[in-house]
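Listed here are the chains, written in short residue letters.
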Amino acid sequence: MDLETLKDLLSEFDLANFLPELDSVLGWIELLARVLVLAGPVLMLLFGLLYLLSPPKEANYSAGYRVWWGMSSLDSWRFTQKLAGAVWTVLGFGLLAYMAVQANLFRLLEPMDMVMAAIHCLLTQIYWSVGSCLAINLTVFIVFDRKGFRRWGSRGE
């Protein structure tokens, strides 16, 4: 694809086509469905970046990804925060891209089909979020013992 072809494609691109028409009830339903569908991945991405780039320094009960094995030692706490940050950042990007495509297709649907599609998107997000939390917890349980020591490698084994 050359530069002229790309310019021709972008000259026809209008950002207003992605926004719903808010002069009707259907437009407001579409806007609400889009906001609800895109809010989860954006929050997951933000929390993932937060845990990855600036995790809480010490184990606490108010901030950070908390799991019992991950709060046993400083090493397990840091490992858990980095792992949760990496998993949620990747999952947030992936879900955001998928949900953006799905939300853009809402305008082609009838109102009830749009609501059902939004519910399906929300259930998909819940499924992947719960799955990611289970994967993080299982990884921390495998790597660390109950007292926060690595099961292999750091105790001279």
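For the structure itself, look to the data block above.
Residues numbered from 1 in each chain as written. Predicted model: local features only at pLDDT ≥ 70, side-chain atom pairs only at ≥ 80, totals over all residues. Heavy atoms only, no water.

Q: I'm lost on the pattern of salt bridges in this one. Help?
A: When the charged atoms of two side chains with opposite charge come close together, those side chains can pair. Under the criterion given, the structure shown has two salt bridges. Residue Arg34 pairs with Glu30 through a salt bridge whose shortest N-O separation is 2.8 Å. Highlighted residues: Arg34 and Glu30, both in helix H2 (residues 25-53), separated by four residues, approximately one helical turn. When sorted by exposure, Arg34 lands in the same class as Glu30, which is buried. Note that Arg150 is salt-bridged to Asp75, the shortest N-O span being 3.0 Å. Residue Arg150 is found in the segment after helix H4 (111-143), and its partner Asp75 is found in helix H3 (residues 74-104); the two are separated by 75 residues along the sequence. (Salt bridge = Lys/Arg side-chain N within 4 Å of Asp/Glu carboxyl O. Helix = DSSP H or I, 4+ residues; strand = E, 2+ residues; numbered from the N terminus. Buried < 20%, exposed > 50% of the residue type's maximum accessible area, 1.4 Å probe, protein only.)

Q: Got a minute to help me understand H4 in this structure?
A: For the α-helix, the turn length of 3.6 residues means that residues three or four positions removed from each other point alike. The terminal C-alpha atoms of H4, which comprises 33 residues, lie 48 Å apart, in line with the 48 Å expected from a rise of 1.5 Å per residue. Along H4, the residues that are buried comprise Met114, Ala117, Ala118, Cys121, Thr124, Gln125, Ser132, Ile136, Val140 and Val143. (Expected span 1.5 Å × (residues − 1).)

Q: Even after reading the chapter, I still don't get the environment of Pro56, so can you show me in this structure?
A: Tracing the sequence through the fold places Pro56 in the loop between H2 and H3. Taking the C-alpha atoms as reference points, Pro56 and Gln81, 25 residues apart in sequence, are found 8.0 Å from one another. Ignoring anything within four residues of it in the chain, the contact list for Pro56 reads Ala63, Gly64, Trp77 and Gln81. (Contact = heavy atoms within 4.5 Å.)

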